[in-house]
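Spelled out, the chains give:
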Amino acid sequence: NAGVTQTPKFRVLKTGQSMTLLCAQDMNHEYMYWYRQDPGMGLRLIHYSVGEGTTAKGEVPDGYNVSRLKKQNFLLGLESAAPSQTSVYFCASSYGGYLLEQYFGPGTRLTVT
Amino acid sequence: AQSVTQPDIHITVSEGASLELRCNYSYGATPYLFWYVQSPGQGLQLLLKYFSGDTLVQGIKGFEAEFKRSQSSFNLRKPSVHWSDAAEYFCAVARPRDDKIIFGKGTRLHILP
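These notes cover the structure that comes with them. Computed from a prediction, not measured in an experiment: that's the story for all the values here.

About the criteria used
Residues numbered from 1 in each chain as written. Chains lettered and ligands numbered in written order. Predicted model: local features only at pLDDT ≥ 70, side-chain atom pairs only at ≥ 80, totals over all residues. Heavy atoms only, no water. Helix = DSSP H or I, 4+ residues; strand = E, 2+ residues; numbered from the N terminus. Buried < 20%, exposed > 50% of the residue type's maximum accessible area, 1.4 Å probe, protein only. Contact = heavy atoms within 4.5 Å. Buried area = accessible area lost by both parts, 1.4 Å probe. Salt bridge = Lys/Arg side-chain N within 4 Å of Asp/Glu carboxyl O. Polar contact = N/O pair within 3.5 Å; in protein donor to acceptor, adjacent residues only side chain to side chain. Disulfide = S-S within 2.5 Å. Phe/Tyr/Trp six-rings, centres within 6.5 Å; stacked < 30°, edge-to-face > 60°. Pairing = 2+ DSSP bridges.

1. Focus on the environment of Ala94(B)
Residue and element names in this part refer to chain B.
- Assignment of secondary structure puts Ala-94 in strand S10 (residues 87–95).
- Judged by its relative accessible area of 0%, Ala-94 is buried.
- Taking the C-alpha atoms as reference, Ala-94 lies 24 Å from His-10; in sequence the two are 84 residues apart.

Pasting the structure below:
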């Protein structure tokens, strides 16, 4: 099993450009999450999904959109990138809700200039 | 509101020495608590979790944590650290009402040879 994979690993965007980050898991997990990690801030939840076709807002959802059209994939979109969105983005998945172990991907480092 | 505080941003210990990383939480009911580890360039991995019962919890890689309700703490310990333990450690508390985990800002552990 590959576990949780993220595409791409690195990306540089100009302000105003758009992009989509792809997260894929092969563990048949119901729950999937997108976090951002910034120095001194820990991990902050952007959006999450409790099953195929569902999405919900997390702690810092502004400027991001998500979709979960297939159970194994969770997409994070930036419609108009801003320098404040420069961060490392982590996807995670779990069998159930917050009480169960979350399995994390390796991260995507995004720089917006 | 639920929150978790890790008072130490950086900790340096010598290889073979004992380790204690501090975590304090704020929560009105019985908390669900976690410790995750992030090795350089990697995603997070669950070390251990506490839901109820025995207040001393054993985890992977030789780590343990003790829940102390009177002190609102969930400190992580290891009797003898190895160079491979150098990483960033995150304490987290579950927030049942909206199905999320709140992460602390992390403690980076440095190991001296």
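Read on for the rest.
2. Some remarks on the interface of chain B and chain A
- Facing 22 residues of chain B, the contacting portion of chain A comprises 21 residues.
- Taken together, the two surfaces of chain B and chain A that pack against each other cover about 1,800 Å², and 59% of this comes from carbon and sulfur.
- The interface formed by chain B and chain A includes 0 salt bridges.
- Remark: the boundary between chain B and chain A carries 2 residue pairs in polar contact (both at pLDDT 80 or more).
- Among the elements of the structure, strand S5 (33–38), strand S6 (44–50), S10 and strand S11 (100–103) of chain B are those that each provide at least two residues to the side of chain B that touches chain A.

3. Quick word on the state of the cysteines
- Scanning all chains against the criterion turns up 2 disulfides over all chains.
- Covalently, Cys23(A) is tied to Cys91(A) through a disulfide, its sulfur atoms 1.9 Å apart. Residues Cys23(A) and Cys91(A) are joined through a disulfide that is left-handed, its torsion about the S-S bond being -75 degrees. Of this pair, Cys23(A) sits in strand S3 (residues 19–25) while Cys91(A) sits in strand S9 (residues 87–94), and the two are 68 residues apart along the sequence.
- The buried category is assigned to Cys23(A), whose relative accessible area is 0%.
- We classify Cys91(A) as buried; its relative accessible area is 0%.
- At a sulfur-sulfur separation of 2.0 Å, the disulfide partner of Cys23(B) is Cys91(B). Linking Cys23(B) and Cys91(B), the disulfide has an S-S dihedral of approximately -65 degrees and is accordingly described as left-handed.

4. Details of the pattern of salt bridges
- Within the structure shown, the criterion is met by 8 salt bridges over all chains.
- The salt bridge partner of Arg22(B) is Asp8(B), with a shortest N-O separation of 3.0 Å. Here Arg22(B) is found in the loop between strand S3 (19–21) and strand S4 (24–26), whereas its partner Asp8(B) is found in the loop between strand S1 (3–5) and strand S2 (10–14), with 14 residues between them in sequence.
- By relative accessible area, Arg22(B) is classed as partly exposed at 39%.
- A relative accessible area of 17% places Asp8(B) in the buried class.
- The salt bridge partner of Lys78(B) is Asp85(B), with a shortest N-O separation of 2.9 Å. Judged on exposure class, the residue Lys78(B) and its partner Asp85(B) are both buried.
- Taken together, the shared-partner salt bridges connect Arg36(A), Asp38(A) and Arg44(A) into one network.

5. As for unusual backbone geometry
- Omega for the bond connecting Thr7(A) with Pro8(A) falls within 30 degrees of zero, at -5 degrees, which places this linkage in the cis form.
- As for its position among the elements, Pro8(A) is in the loop between strand S1 (4–7) and strand S2 (10–13).
- Here the phi dihedral of Lys61(B) falls at roughly 60 degrees; this positive angle occurs in a residue that is not glycine.
- Structurally, Lys61(B) is set in the loop between strand S7 (56–58) and strand S8 (64–68).
- Look at Lys61(B) and you get partly exposed, because its relative accessible area is 45%.

6. Comments concerning the packing of aromatic side chains
- According to the stated counting rule, one finds 16 aromatic pairs over all chains in the structure shown.
- Look at Phe104(A) and Phe103(B): their rings are 6.4 Å apart centre to centre, the planes differ by 80 degrees, and that puts the pair in the edge-to-face class. Taken together, the positions of Phe104(A) in strand S10 (residues 103–104) and Phe103(B) in strand S11 put the pair across two chains. Each member of the pair, Phe104(A) together with Phe103(B), is buried.

7. Section: the pairing of strand S11 (residues 108–112) of chain A
Residues and elements named next belong to chain A.
- Burial along S11 is one-sided: the face carrying Thr-108, Leu-110 and Val-112 is buried and the face carrying Arg-109 and Thr-111 is not.
- Two elements, S2 and S11, share 4 bridges in a ladder whose sense is parallel. Across the sheet, Arg-11 pairs through a bridge with Leu-110, a residue of S11.
- Here S9 pairs with S11 via 3 bridges, running antiparallel. The residue bridging Ser-87 from the neighbouring strand is Leu-110, located in S11.

Just distances and angles here, no functional claims.
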